[in-house]
Amino acid sequence: MRYMLLLHYPEMTTESLGAEALEEGQRAFHSYASALDAAGVLLAAEVLQPSVSTTTVRLADGSLQVQDGPFADTKEQLGGTFVIDVPDLDAALAWAAKAPSVAWGTVEVRPGAVFYADGAWRPNA
């Protein structure tokens, strides 16, 4: 079963965080990704650019609207994702609990419905 771990946490600049804390976080996420990979459950991982680099696209009244900035105005932003393939929700929750960002943010665990692979949509099972 494929699950996406969505990492939500307060955004900080390198300056406000500090170089030492940034390096510590990078090491922690490297270790986490390596553990997922070594366990054979990691399908993908991505750290996102800060939300100020977001562009939002929507269709309103038949007109395409392009807006700079994130859709949601919240203190926590989506900072990254991990896609894992594990037997069940309990296994996904166990991996989510080990995410470094769980100490300062939220890890949303969401099962996939379908996924695209080898030219076709496939059910998540």
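Provided above is the structure to which this section pertains.
Conventions and cut-offs
- Residues numbered from 1 in each chain as written.
- Predicted model: local features only at pLDDT ≥ 70, side-chain atom pairs only at ≥ 80, totals over all residues.
- Heavy atoms only, no water.
- Pairing = 2+ DSSP bridges.
- Helix = DSSP H or I, 4+ residues; strand = E, 2+ residues; numbered from the N terminus.
- Salt bridge = Lys/Arg side-chain N within 4 Å of Asp/Glu carboxyl O.
- Buried < 20%, exposed > 50% of the residue type's maximum accessible area, 1.4 Å probe, protein only.
- Axes fitted to C-alpha atoms, helices over the stretch in contact; angles between N-to-C directions.
- Contact = heavy atoms within 4.5 Å.
- Expected span 1.5 Å × (residues − 1).

Asks: Before we move on, can you summarise the pairing of strand E3 (residues 55-60) with the specific residues and values?
Replies: As paired strands, E3 and strand E4 (residues 63-68) are joined by 6 bridges and run antiparallel to one another. In the strand pairing of E4, Val57 is matched with Val66. Connecting the antiparallel pair E3 and E4 is a turn made up of 2 residues, with Asp61 showing a positive phi of about 55°.

Asks: Let's hear about the pattern of salt bridges: which residues, and what values?
Replies: The full count for this structure, using the stated rule, is 1 salt bridge. The salt bridge partner of Arg110 is Glu108, with a shortest N-O separation of 2.5 Å. For Glu108, a relative accessible area of 26% gives the class partly exposed.

Asks: Can you explain the environment of Trp121? Please cite residues and give values.
Replies: Tracing the backbone through its elements, the reader meets Trp121 in strand E8 (residues 120-123). A residue is classified by how much of its surface remains accessible, and Trp121, at 61% relative accessible area, is exposed.

Asks: Could you give an account of the sheet that holds strand E6 (residues 106-111), with specific residues and numbers?
Replies: The strand order across the open sheet built from 4 strands is E2-E5-E1-E6, with neighbouring strands paired in antiparallel fashion. The open sheet has two free edges, formed respectively by strand E2 (42-47) and E6, since each of these has just one partner strand. Strand-to-strand twist across the sheet, computed as the mean angle between neighbouring axes with direction ignored, equals 20°. Direction of pairing for E2 relative to strand E5 (residues 76-85): antiparallel, over a ladder of 5 bridges.

Asks: So what's going on with the side chain of Thr81? Which residues, and what values?
Replies: In this structure, Thr81 sits in strand E5. Take Thr81: its relative accessible area is 15%, and that puts it in the buried class. Apart from the residues lying within four places of it in its own chain, the contact partners of Thr81 are Met4, Leu5, Leu6, Ala44, Ala45 and Glu46.

Asks: Let's hear about unusual backbone geometry: which residues, and what values?
Replies: You will see that Asp61, though not glycine, has its phi angle at about 55°, which is positive. Along the chain, Asp61 falls in the loop between E3 and E4. Here the phi dihedral of Asp118 falls at roughly 55°; this positive angle occurs in a residue that is not glycine. In this fold, Asp118 is placed in the loop between strand E7 (114-117) and E8. For Asp118, a relative accessible area of 73% corresponds to the exposed category.

Asks: Any details on helix H2 (residues 19-38)? Residues and values, ideally.
Replies: Residues spaced three or four apart along an α-helix face the same direction, because each turn holds 3.6 residues. The end-to-end C-alpha separation of H2 is 28 Å, in line with the 28 Å expected for 20 residues at 1.5 Å each. In this structure, the buried residues of H2 make contact with strand E1 (2-10), E2, E5 and helix H3 (89-97). Following H2 by one or two positions, Gly40 adopts a phi angle in the positive range, close to 75°.

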